[in-house]
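Structural overview for review
Take a look at the letters that make up each chain.
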Amino acid sequence: MHKKIKLLITLLFLTHSFLIAQDLELENIFKNKQVDGTIVIESLNTKKIYIYNDQRAEILFSPASTFKIPNTLIALNEGVVNKDSVIVWDKKIREYESWNKNQTLQTAFKTSCVWCYQEFASKIGIEKYKKYLEELDYGDENIGNDVTRFWLDESLKITTYGQIKFLKRLYTNDLPFKIEDINLLKIILIDEKNEDYTIRAKTGWEGKYGWYVGFIETKDDVWFFATNIDTKSKDDLAKRKELTLEALKIKGIIK
């Protein structure tokens, strides 16, 4: 009997692995865009999951600016910023014009304002981040030596599956933060909203690779997604979201 059960489990695992490996619809999207990467899409209600490049989905990558999702909650919880804060620009000219002005929490998040979050990090400190990352079970929980760059310099890393796991906890309010802070973050996360769906998401870019992670709320379900692609140049950055939207359409999640 035990042998039969083991055989059945093995067959189910192999069938599941085969289905993952054979998702030609998702594979074709990546081929057409001429990028290497992975995508994981998972339903909250049905637990249905679509995956392209399962092996890459298990590899650790720097979260880059997708870390602003948990980092916003940490900063709010520590009181270094609030929804009404004005983050005063230090008058240093930086790469992106949108950074060269005073910021609010919303604009800092939307424009991926690195100096703003570095300012938060300096006030929070390494020891508190260690505690938070352990509590959140976020990625490999490695802070490194520079509290202002650990989510950018590949000290901290997370897998594509890890992104999905964290997003699920965020959506279900299963995080050790005040509900008003979680709700504020969910508002800030809105990337697209129409009568059919709401996408709450964040991009990230390490330089060699980029992310688009979040969740989409439709009339009858919530789908979590995480896309990670190689970026040969800035020209590839738009493909992070384009790939994701095409995948959501081809799987019938959106029209």
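Here, the structure is the one placed above.
In this report, we go over the structure that sits alongside the text. Values in this document were obtained by computation on a predicted structure and should not be read as measured data.

Reading the values: rules and limits
- Per-chain numbering applies: the sequence of each chain, read as written, is numbered from 1 onward.
- With the structure being a predicted model, the display of local features is reserved for residues of pLDDT at least 70 and the display and counting of side-chain atom pairs for 80 or more, all residues being used for whole-chain, interface and lining totals.
- Calculation of side-chain values draws on the structure's entire complement of heavy atoms; hydrogens and water are dropped beforehand.
- Each Phe, Tyr or Trp ring, with Trp reduced to its six-membered ring, pairs with another whose centre is within 6.5 Å; inter-plane angles below 30 degrees give stacked pairs, above 60 give edge-to-face pairs, and intermediate values give tilted ones.
- Where helices and strands are cited, they refer to DSSP runs of H or I of at least four residues and of E of at least two residues respectively, numbered from the N terminus.
- Throughout this description, buried means an accessible area under 20% of the type-specific maximum (1.4 Å probe, protein chains only), exposed means over 50%, and partly exposed covers the range between.
- Two strands qualify as a pair provided that DSSP identifies no fewer than 2 bridges between them.
- The convention used is that axes are lines fitted to C-alpha atoms, helices contributing only their stretch in contact, and that angles between N-to-C directions extend from 0 to 180 degrees.
- Residue contacts follow a heavy-atom distance rule, with two residues in contact if any of their heavy atoms lie within 4.5 Å.

On to the packing of aromatic side chains. Centre-to-centre distance and the angle between the planes together describe a pair of aromatic rings. Scanning the model with the defined rule gives 17 aromatic pairs in all. Ring geometry for Phe30 versus Tyr52: centroids 4.6 Å apart, planes at 35 degrees, classification tilted. In this pair, Phe30 is assigned in helix α2 (residues 24-33) and Tyr52 in strand β2 (residues 49-52), connecting sequence segments 22 residues apart. For Phe30, a relative accessible area of 3% corresponds to the buried category. For the pair Phe67 and Phe150, a centre-to-centre distance of 5.4 Å together with 70 degrees between the ring planes defines the contact as edge-to-face.

Right, let's get into the sheet that holds β2. Spatially, the six strands line up as an open sheet ordered β2-β1-β6-β5-β4-β3, and their pairing is antiparallel. At either margin of the open sheet sits one strand with a lone partner, and together these are β2 and β3 (190-193). If you compare each strand with its neighbour and ignore which way they point, the axes differ by 15 degrees on average. Pairing of strand β4 (residues 197-205) with strand β5 (residues 209-218) involves nine bridges; the strand directions are antiparallel. Within the sheet, the bridge partner assigned to Trp205 lies in β5 and is Gly210. Along the sheet, α2 contacts β1 (37-43), β2 and β6 (222-230); its crossing angle with β2, the most-contacted strand, is approximately 40 degrees.

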